[in-house]
Amino acid sequence: MYKRQIGVYATSWTYYGSVGYAAHNGLLFLTIYIGATLTFILSPLLLRPILALSREFQLSSLADLLAFRYRSQGAGILVTLFMLLGTLPYIALQIRAVTESLSVLSNDAPSNTIALVFCATLILFGVLFGARHISPREKHRGLVVAIAFESLIKLVVLLLIGAYALFGLFGGPSGLNDWLQANPQALEALYRPVNESPWSALVFLSFAAAFLLPRQFHMLFAENLDPRGLRTATWAVPAFLLLLNLSIPVILWAGQRLQLGINPDYFVLGITLAHGPSWLSVLAFIGGLSAASAMVIVTSIALASMSLNHLLLPASYPDPAMNLYRWILWGRRLLIGLIIMAGYAVYVSLQHEQGLVQLGLISFVAVAQFLPGIVGLLYWRRATRAGFIAGLLGGISVWAVTLLAPLMYDSGVLLVDMRVEEWVAWSGMHKWAFATFATLGSNVLLFVLFSLLTRQDP
C-alpha cells in the first residue's frame with residue numbers, strides 16, 4: 001500500500017497535463033518522471049536518512065525538519081510561509097483542471113461556481129480524513145488507504161483509455177504504425193524538442209519535488225506506517241510512473257488523428273467523448289477528479305499542520321483556561337479550509353492561457369529552494385542557521401521576480417512588467433533552465449557564504 005500512496009505525486013498534471021505538454025514539447029514530458037525515479041533510486045542516500053530523523057525526533061513536516069536542524073523558529077516560519085506561497089499555484093492548477101475538464105464534458109465555459117463547490121467538498125474531505133487527531137504525528141490510516149485507492153484508480157483509467165485509443169481508434173499496434181508512417185510529422189514533433197529543451201533542469205526540478213513537495217513529504221515520512229515500505233518504493237514507484245506514461249503518446253496521437261478542437265491537456269477526455277462509450281468518458285472524468293482531489297487534500301493537510309506549528313501557535317497561543325486540544329483540532333481544520341480557499345483565490349485571479357504543466361513548474365522551482373538546506377541537514381555540518389536563512393531568502397526573492405511576478409503581470413494582478421523575458425533571451429537559456437539556475441545559484445551562493453562567515457552556537 002505504501003508504494004501506491006506515494007502515487008499522489010501523479011496529479012492532474014500527469015493525468016491531463018502530460019498529454020498537453022507532450023503536444024508542445026515532445027518527449028520532454030518524461031523528465032518529470034525521470035527525476036522522480038532518480039529520487040527513489042537514491043533512497044538509501046536521501047530518503048532513508050530523512051525518514052530515520054523524522055521518526056526518531058517526531059518531525060512531521062519539512063518545516064519541522066529544517067527548524068530542528070538549524071535550531072531556529074525563524075527558519076520554521078520562513079519555510080512554512082514560502083511553502084504556502086510556492087504551493088498555491090499548484091493547488092490552483094488542480095482546481096482549474098477539474099473545472100475545465102467538466103466544461104469539456106458539458107460544452108460550457110469553466111465556472112467559478114463549480115470551482116467553489118469543488119473546493120468546499122475538498123475542505124469537507126480534508127477535515128474528515130486529516131483533522132481527526134489532536135497530534136499531526138498520529139497516522140491517518142483512512143487517508144493512506146484512500147490515497148492508495150486513488151492512485152490505483154488513475155492508473156487503471158489511464159491504461160484503459162490508452163488501450164481504447166490503441167485498439168478502438170487505431171485498430172491495434174499495426175494500425176498505429178500505419179498512421180505514423182502516413183503522418184511522420186506526429187513522430188517528428190515528439191522527438192524534435194529533445195535537443196532544444198532543458199532536460200537537465202526539468203529532471204533536477206522533478207527530482208527535488210518528488211520528496212520536498214508538502215504532499216510528498218507528508219506521505220513519504222509523516223504517514224509512513226512501516227519504514228520497510230521505502231525499500232519496496234525504490235522500484236515500485238518508478239514502475240508505477242512508467243505504467244502511467246505508457247498511454248500518453250497514444251492518447252496524444254489519437255487526439256491528433258481525430259483533430260479534436262480542444263486544448264491538448266484534455267485529450268484524455270476528448271477522445272472518449274468523440275467516439276468512445278459514455279461509461280469510459282465518465283471514468284476518464286473520475287480519474288482526473290481523483291488525481292486532483294488527492295493532491296489538494298493531502299497538500300492542505302500537510303500545510304495546515306505546518307502552519308499550526310510554526311505560524312498559529314507561536315503567534316497566538318491559547319489561554320490556559322481554554323481546552324487546548326479542542327483549540328488545536330479546530331485550528332487545524334480552519335487552516336485546511338483557508339489553504340484550499342487561498343488556492344481558489346489564486347485560481348480565480350490568474351489567467352488560464354498557460355498549460356497545466358507550466359503552472360505546476362512554478363511550484364517545482366519554489367520547493368527546489370529547500371534542497372540546499374537538506375544537503376546541509378544530511379551532509380554538511382558546517383552549514384549554519386544564518387547561511388540557511390540567507391540562502392532561502394535569496395532563492396525566494398529571485399523566484400518571485402523571475403516566475404511569480406510575470407505570472408501576476410500576465411493575469412493583470414501586477415501592473416509592473418519585470419521584463420524577465422529579456423533577461424532570459426540575454427542569457428541564451430530556456431525559461432526553466434534560467435529560473436532554476438538563477439534561483440538556486442543565488443540560494444547556494446548565499447548559503448555557503450554566510451555559513452562560512454558565521455559559526456553555530458553551542
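What you see is a predicted model, and the numbers here were worked out from it, not measured in a lab.

Colleague: So, the overall build of the chain: which residues are in play, and what are the values?
Modeller: Regarding its fold elements, the chain presents 22 helices and 0 strands. Here the C-alpha atoms of the chain give a radius of gyration of 22 Å, agreeing with the 23 Å that 2.2 N^0.38 yields for 458 residues. Projected onto its principal axes, the C-alpha positions of the chain cover 70 × 50 × 50 Å. Residues classed as buried in the chain amount to 57% of the 458 residues present. Within the chain, counting contacts between residues at least 6 apart in sequence, those at least 24 apart form 84% of the total.

Colleague: Please set out empty space enclosed by the protein residue by residue, giving values where relevant.
Modeller: Applying the stated criterion across every chain, the model contains 3 cavities of 30 Å³ or more. Computed from the structure, the largest cavity encloses a volume of approximately 80 Å³. Looking at the largest cavity, it is lined by 12 residues, and the ones nearest its centre are Ser60, Ser61, His218, Ala302 and Met306. Elements represented by at least two residues in the lining of the largest cavity include exactly helix 12 (214-222) and helix 16 (278-315). Class assignment of the residues belonging to the lining of the largest cavity gives a composition of 8 nonpolar, 4 polar and no charged.

Colleague: Which residues make up the nonpolar core, and what are the values?
Modeller: Ranked by internal contacts, the top residues of the largest apolar core, which has 143 residues, are Leu361, Phe370 and Ile374. In terms of residue count, the dominant contributor to this core is helix 16 (16 residues). Filtering out sequence-adjacent residues up to four positions away, Ile374 remains in contact with Leu46, Ile50, Leu62, Leu65, Leu66, Phe211 and Leu212.

Colleague: With reference to specific residues and values, describe the packing of aromatic side chains.
Modeller: Evaluated as defined, the whole model comprises 12 aromatic pairs. Their ring planes at 5° and their centres at 4.6 Å tell us that Tyr70 and Phe388 sit as a pair that is stacked. Of this pair, Tyr70 sits in helix 5 (residues 62-70) while Phe388 sits in helix 20 (residues 385-410); the two residues are 318 residues apart in sequence, bridging distant segments of the chain. Note on Tyr90 and Phe364: the rings are 6.0 Å apart at their centroids and 75° apart in plane angle, and the pair reads as edge-to-face. In this pair, Tyr90 sits in helix 6 (residues 73-106) while Phe364 sits in helix 18 (residues 356-367), placing the two residues 274 residues apart along the sequence. Accessibility expressed as a relative area gives 1% for Phe364, which makes it buried. Among the aromatic residues, those joined into a cluster by ring pairs are Tyr15, Tyr16 and Tyr266.

Colleague: Go over the pattern of salt bridges with me, naming the residues and quoting the values.
Modeller: All chains considered together, the criterion is met by 3 salt bridges. Of the charged contacts in the structure, one is a salt bridge between Lys154 and Glu150, with a shortest N-O distance of 2.9 Å. In this pair, Lys154 and Glu150 are both assigned in helix 8 (residues 141-169), 4 residues apart and thus about one turn of the helix distant. In terms of burial, Lys154 and Glu150 fall into one category: buried.

Colleague: Describe the side chain of Asp64, and please don't skip the residues or the numbers.
Modeller: With respect to the helices and strands, the residue Asp64 is situated in helix 5. Setting aside its immediate chain neighbours within four residues, Asp64 contacts Leu59, Asn309 and His310.

Colleague: How would you explain unusual backbone geometry if you had to name every residue and give the values?
Modeller: For Gln259, which is not glycine, the phi torsion reads 50° and is therefore positive. One can find Gln259 in the loop between helix 14 (248-258) and helix 15 (267-275). Take Gln259: its relative accessible area is 70%, and that puts it in the exposed class. You will see that Arg419, though not glycine, has its phi angle at about 55°, which is positive. With respect to the helices and strands, Arg419 occurs in the loop between helix 20 and helix 21 (420-427). Residue Arg419 is classed as partly exposed on the basis of its relative accessible area, which comes to 48%.

Colleague: Help me get a handle on the confidence of the model for the chain, residues and values and all.
Modeller: When the pLDDT values of the chain are averaged, the result is 87; 92% of them are 70 or greater. Highest mean pLDDT in the chain belongs to helix 22 (residues 431-453) (96); lowest belongs to helix 1 (residues 2-5) (49).

Colleague: So what's going on with helix 9 (residues 173-182)? Which residues, and what values?
Modeller: By the burial criterion, the buried members of helix 9 are Gly175, Leu176, Trp179 and Leu180. Taken around the axis of helix 9, the buried residues stretch over an arc of 135°, which confines them to a single face. Of the exposed residues in helix 9, the ones pointing more than 90 degrees away from its buried face are Pro173, Ser174, Gln181 and Ala182.

Colleague: Pulling in residues and values, what's your account of the side chain of Ser290?
Modeller: Its place among the elements puts Ser290 in helix 16. Residues in contact with Ser290, not counting those within four places in the same chain, are Glu150 and Ile153.

Colleague: Go over the environment of Tyr409, please, and point to the residues and values.
Modeller: Position of Tyr409 among the secondary structure elements: in helix 20. On the basis of relative accessibility, which here comes to 33%, the residue Tyr409 falls in the partly exposed class. Remark: the alpha-carbon pair of Tyr409 and Cys119, spanning 290 residues in sequence, is separated by 25 Å. The residues touching Tyr409, leaving out its near neighbours within four places in the chain, are Leu414, Leu415, Val416 and Asp417.

Colleague: I'd like to hear about the packing of helix 15 against helix 16, residue by residue, with values.
Modeller: The contact between helix 15 and helix 16 brings their axes to 8 Å, and the two run at 170°. Of the possible angle classes, the one that applies to helix 15 and helix 16 is roughly antiparallel. Residues Val268, Leu269, Thr272 and Leu273 of helix 15 pack against Leu280, Ser281, Ala284 and Phe285 of helix 16. Looking at the contact of helix 15 with helix 16 residue by residue, the classes come out as 6 nonpolar, 2 polar and no charged.

Thresholds, definitions, all that
Residues numbered from 1 in each chain as written. Predicted model: local features only at pLDDT ≥ 70, side-chain atom pairs only at ≥ 80, totals over all residues. Heavy atoms only, no water. Helix = DSSP H or I, 4+ residues; strand = E, 2+ residues; numbered from the N terminus. Rg over C-alpha atoms; globule rule 2.2 N^0.38 Å. Buried < 20%, exposed > 50% of the residue type's maximum accessible area, 1.4 Å probe, protein only. Contact = heavy atoms within 4.5 Å. 1 Å grid on protein atoms, 1.4 Å probe; cavity = no way out; pocket = protein on both sides within 12 Å on 5 of 7 lines; lining within 4 Å. Points joined across faces, edges and corners; volume = space filled by probe spheres on them. Nonpolar A, V, L, I, M, F, W, Y, C, P; charged D, E, K, R; others polar. Core = buried A, V, L, I, M, F, W, Y, C linked by side-chain atoms within 4.5 Å. Phe/Tyr/Trp six-rings, centres within 6.5 Å; stacked < 30°, edge-to-face > 60°. Salt bridge = Lys/Arg side-chain N within 4 Å of Asp/Glu carboxyl O. pLDDT = per-residue confidence, 0-100. Arc of directions from axis to C-beta. Axes fitted to C-alpha atoms, helices over the stretch in contact; angles between N-to-C directions. Parallel < 35°, antiparallel > 145°, perpendicular 65-115°, else oblique.

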